[in-house]
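Residue-level listing of the chains:
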Amino acid sequence: MMIDTKFWGTMEIEEGIIEFHEGLPGFEGERHFVILDVPDNAFFKVMQDVDERRLAFVLANPWEFDPEYEMDIPDDELELIGISDAQSLQVYCIVTLKEEVLDSTMNMLAPILINLKDGIGRQCVLKDSDHNVRKKLFDKENEVLENACAQ
Amino acid sequence: MLVLSRKLHESVVIDDEIEVEILEISDGKVKLGIKAPGSVAIHRKEVYEEIAKENVTALDSGTLGIEKLKKINKK
């Protein structure tokens, strides 16, 4: 099917639509998203609302930026997306871009959980309040910074 | 808003399936026990609102230019 995207105009997508039964906090009515690759950039993805062009979120794999990231996901959260084992779980954090892109942050308190096999997702608010809603992608001590900047 | 008074260990039942019990009262805090079907989402209000607010900020920030991401790529 053809969809309108926020960043790349109209695109053909054949599969991979993910259903969010509760939408997202702040966007509770939105039900269908698709994860798109960012051309020439392996660090980020875009989660595009299939029904509303202007709703597209930049996503990052949290472990690329914080290898120590630990999430304690209760079984009932996994059940809500139909997962019985963590192997079929894909996790992303929503990125907030800043004017100075190296100051960008990601929301590690409420990751996006996706059951790839069945195409179901949700944004899960972790109960461990130690996690940061605005965790800097690039810390001074973070090697990612050195490996990440394009020439 | 329905306003009810409950004493320690008393409950309210909502919609036959949701029960909220006062488990503990101390130090200006009330500990609530909530029984509900797994399909019912329950959040601390201020946390949920903060997530919603950050989602909106994140959404608007994407408009700043996904081209900015070109600066960040794996070597």
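The paragraphs below set out a description of the structure included in this document. (Residues numbered from 1 in each chain as written. Chains lettered and ligands numbered in written order. Predicted model: local features only at pLDDT ≥ 70, side-chain atom pairs only at ≥ 80, totals over all residues. Heavy atoms only, no water.)

## Quick word on the interface of chain B and chain A
To keep things clear, this is the line we draw: The contact criterion used throughout is that any non-hydrogen atoms of two residues lie within 4.5 Å. For any pair of parts, buried area is found by adding up, for both, the accessible area (1.4 Å probe) each one loses once the two are put together. Think of a polar contact as two N or O atoms within 3.5 Å of one another; within protein, one of them needs to be a possible hydrogen donor and the other a possible acceptor, and neighboring residues in sequence only count if both atoms come from side chains. Throughout this entry, Asp, Glu, Lys and Arg are counted as charged residues, while Ala, Val, Leu, Ile, Met, Phe, Trp, Tyr, Cys and Pro are counted as nonpolar. The remaining residues, Gly among them, count as polar.
Taken together, the contacts link 29 residues of chain B with 46 residues of chain A. Together chain B and chain A conceal approximately 3,300 Å² of surface at their shared face, both sides included; 62% is due to carbon and sulfur atoms. At the boundary of chain B and chain A, one finds 8 residue pairs in polar contact (both at pLDDT 80 or more). For the side of chain B that touches chain A, the per-class residue count stands at 12 nonpolar, 10 polar and 7 charged.

## Some words on the pairing of strand β5 (residues 41-49) of chain A
Residues and elements named next belong to chain A. Using the following cut-off: Exposed residues in this analysis have more than 50% of their type's maximum accessible area, buried residues have under 20%, and partly exposed residues fall in between, with area computed by a 1.4 Å probe over protein chains only. A run of H or I in DSSP becomes a helix once it reaches four residues, and a run of E becomes a strand once it reaches two; helices and strands are each numbered from the N terminus. Here, a strand pair is defined by DSSP locating no fewer than two bridges between the strands.
Summarising burial for β5: 7 of the 9 residues are buried, a large majority. Here strand β4 (residues 32-38) hands over to β5 after 2 residues, with D40 in that stretch at a positive phi of 60 degrees. By the bridge criterion, 5 bridges tie β5 to strand β6 (residues 56-60) in an arrangement that is antiparallel. Note on β6: the bridge partner recorded for K45 is L59.

## Quick notes on the packing of aromatic side chains
Residues and elements named next belong to chain A. The following threshold applies: Only Phe, Tyr and Trp rings take part, Trp by its six-membered ring, and two of them pair if their centres are within 6.5 Å. Stacked means planes under 30 degrees apart, edge-to-face means over 60, and tilted covers everything else.
All chains considered together, the criterion is met by 8 aromatic pairs over all chains. When the centroid spacing of 5.1 Å and the interplanar angle of 70 degrees are considered together, the rings of F20 and F33 count as edge-to-face. A residue pair is termed long-range when its members are at least 10 positions apart, and F20 in strand β3 (residues 17-20) and F33 in strand β4 qualify at 13 residues. Of the two residues, F20 and F33, neither departs from the other in class, the shared state being buried. Plain terms: the ring middles of W63 and Y69 are 5.6 Å apart, the flat faces sit at 50 degrees to each other, and that makes the pair tilted. Taking the relative accessible area as the measure of exposure, W63 reaches 34% and is therefore partly exposed.

## A word on the sheet that holds strand β1 (residues 11-14) of chain B
Residue and element names in this part refer to chain B. Formally: To define axes, lines are fitted to C-alpha atoms, for helices over the stretch in contact only, and angles between the resulting N-to-C directions are given on a 0 to 180 degree scale.
Pairing is antiparallel in the open sheet, where 3 strands are placed in the order β1-β2-β3. Across the chains shown, the open sheet's two edge strands, defined by having one partner strand only, are β1 and β3 (29-35). Across this sheet, the average inter-strand angle for adjacent strands is 25 degrees, counted without regard to direction. Relative to β3, strand β2 (residues 18-26) runs antiparallel, the two being bridged by 7 bridges. Bridge assignment links V20 to a residue of β3, and that residue is I34.

## Some thoughts on a nonpolar patch on the surface
All names here are of chain B. Counted only if it meets this: To count toward a patch, a residue needs a relative accessible area above 30% and no salt bridge. Like charges then connect within 9 Å, nonpolar side chains (Val, Leu, Ile, Met, Phe, Trp, Tyr) within 5 Å. For accessible areas, the Shrake-Rupley method is used with a probe of radius 1.4 Å. Any residue's cover is judged against the shown protein chains and nothing else. Definition used for salt bridges: Asp or Glu carboxyl oxygen within 4 Å of a side-chain nitrogen of Lys or Arg.
A grouping of L8, I25, V30, L32, I34, V40 and I42 is seen on the molecular surface, where their side chains present a nonpolar patch of about 570 Å² in accessible area. With 3 residues, the single largest contributor to the nonpolar patch is β3. Structurally, L8 can be placed in the segment before β1.

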